[in-house]
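Fold and geometry: a report
Below, each chain spelled out in residue letters.
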Amino acid sequence: MKKTILVNIFIIFLFIGCSSKIPQYSNVGISMDTRNTSKKDRLLIKRFSEYWHYRLNRDFNKTFPYELPYQRYVTDFSWYKDNLKYSYGKGKVVLDNIQYKDENHTIVNKRYFGTKGNQIKTTEEWFFVIDNWYHKFHQYIFPPD
Amino acid sequence: MKYITILLLFFIYVNAIEVNLLPDKEIKVSQHDVNRYKSYVKQKYNYVITNDKGARKIVKENRILANEFLKNPRYLKSVKTDITIMLEDYLADRYVQNMQHSIKIPKKVLYSYYLDHKDKFRRQPEVNIVRYRFSSYDDALKFYQESKDIADPKKVEAKAIQYGAKKRDYGWKSITVLKKRLLSFIKKGAKDYLTPPIVNNANNFNIYYIKDYRSVDGYIPFEKVKGKIEKILYNQTFEKAREKILERYAK
């Protein structure tokens, strides 16, 4: 009985530890110092990394759940996919820093490095909705790459 | 043979929702009629009727005039078609709305809209306001001319009573709930002044005394605006919901 409880506690700790661990991807980089960041910030960096990894690979089925819940509610997935497919080609995205507008709203500064050597500095918004961070997407008119 | 005739009659005559228009034998207006009329005006013109008596009067007048119209069979046929089209349009919208409202929007969806549109939910300034209602325009105008430079609420009140005005103290009110014609007289940050007479109807002329004005910081809490957000999202997804429902009937 005691053993089972201990194993369960170990699994829970393992899960908590992994939940905000920042994944490493070859197409996503982090230039800010993440050593003394809060748990909330680490969760944001983790979500950002996952999102951009999928986004640059054009895996829109996987990026869609990262978008703001109300945007998903009003938008058709097919429209979303068509709207984003021409923005950002293969390349790399680097997160430079996070600025808080308020406790649940951040502006993330990032750079995009295209395969043709081009570099674009952009910002994007992430919102902390109840228990997780969500990305806000925009309608792009011209593809940057 | 009998069934074939019935079927044939069905296809010949029933090609739309059937509307039966008959004159009302005794013109009566129920409280239910009044309530429905009020919600109809609110939905169509975004105007809130607070006076039941007034709403009842309009419903009754409309009913009298409609009844007179129906007595002349010459116009009935074309009117029936028009009403059928309007009714179908209305019922179709109501059906889509009912279907939409039967599925509750998750809190996360509503809250994310709130966070992304916080400026929309910024608290608006408030005014401390008193209404003086006069039954004649001349009295209202005289009162206004004599009192507009008095910046003392007690003296203003004494003067208003002298001219037979009825007082109503509203206390602090957000400027968002003020009617447009009154809102145009509100001066940012100013206090202790009168608005010119505002015609309410032929027997009522209002002058408002603005006792105070205050700016309010912060945002309206989510719980208070979630109903409003729900409405916005239902409106934004109305066409999508309609298409989705119609997909069932496409084949």
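Our subject is the structure listed above.
I will try to describe carefully the structure that is included in this document. Values in this document were obtained by computation on a predicted structure and should not be read as measured data. Per chain, the residues get numbers from 1 upward, laid out in the order the sequence is written. Written order decides the labels, with chains lettered from A and ligands numbered from 1. Side-chain atom pairs in this predicted model are given and counted only at pLDDT of 80 or more, local residue features only at pLDDT of at least 70, and totals for whole chains, interfaces and linings cover all residues.

Description of the packing of helix α6 (residues 137–147) of chain B against helix α7 (residues 153–162) of chain B
When two helices pack together, you describe them by how their axes are tilted relative to each other and by the distance separating the axes. Residue and element names in this part refer to chain B. Their axes nearest at 10 Å, the elements α6 and α7 cross at an angle of 155°. Put simply, α6 runs roughly antiparallel to α7. Classified by chirality, the crossing of α7 by α6 is right-handed. Counted together, Phe143, Glu146 and Ser147 of α6 and Val156, Lys159 and Ala160 of α7 form the full contact between these two elements. When the residues that make up the contact of α6 with α7 are grouped by side-chain class, the tally is 3 nonpolar, 1 polar and 2 charged. Comment: axis = line fitted to C-alpha atoms, over the contacting stretch for helices; angle = value between 0 and 180 degrees taken between N-to-C directions. Strands here are runs of E lasting at least two residues and helices are runs of H or I lasting at least four, both read from the DSSP assignment and numbered beginning at the N terminus. The labels follow the angle: roughly parallel below 35 degrees, roughly antiparallel above 145, roughly perpendicular from 65 to 115, and oblique for the rest. The sense of a crossing depends on the near helix, which, turned anticlockwise from the far helix by less than a right angle, makes the crossing left-handed and, turned clockwise, makes it right-handed. This entry defines residue contacts through backbone-placed C-beta atoms, with two residues in contact when those atoms are within 7 Å. Three residue categories are used. Nonpolar comprises Ala, Val, Leu, Ile, Met, Phe, Trp, Tyr, Cys and Pro, charged comprises Asp, Glu, Lys and Arg, and polar comprises the others, including Gly.

Section: the interface of chain A and chain B
Each side of the interface is counted separately: chain A has 13 residues, and chain B has 12 residues. Of all the elements in the fold, those that place two or more residues in the side of chain A that touches chain B are α4 (69–74) and β4 (119–129) of chain A. Sort the elements by how many residues they give to the side of chain A that touches chain B and α4 of chain A lands first, with 4 residues. For the side of chain A that touches chain B, the per-class residue count stands at 9 nonpolar, 2 polar and 2 charged.

Comments concerning the sheet that holds strand β2 (residues 91–102) of chain A
Residue and element names in this part refer to chain A. For two strands to count as paired, DSSP must find a minimum of two bridges between them. Spatial strand order, β1-β2-β3-β4-β5: 5 strands in an open sheet with mixed pairing. Each edge of the sheet is formed by a strand with only one pairing partner; in this case those strands are β1 (28–30) and β5 (132–135). Within the sheet, the average angular offset between the axes of one strand and its neighbour, ignoring direction, is 35°. Direction of pairing for β2 relative to strand β3 (residues 105–114): antiparallel, over a ladder of 10 bridges. Pairing of glutamine 99 across the sheet is with isoleucine 107, part of β3. Contacts from helix α2 (residues 39–56) reach β1, β2, β3, β4 and β5 within the one sheet, and its direction differs from that of β2 by about 145°.

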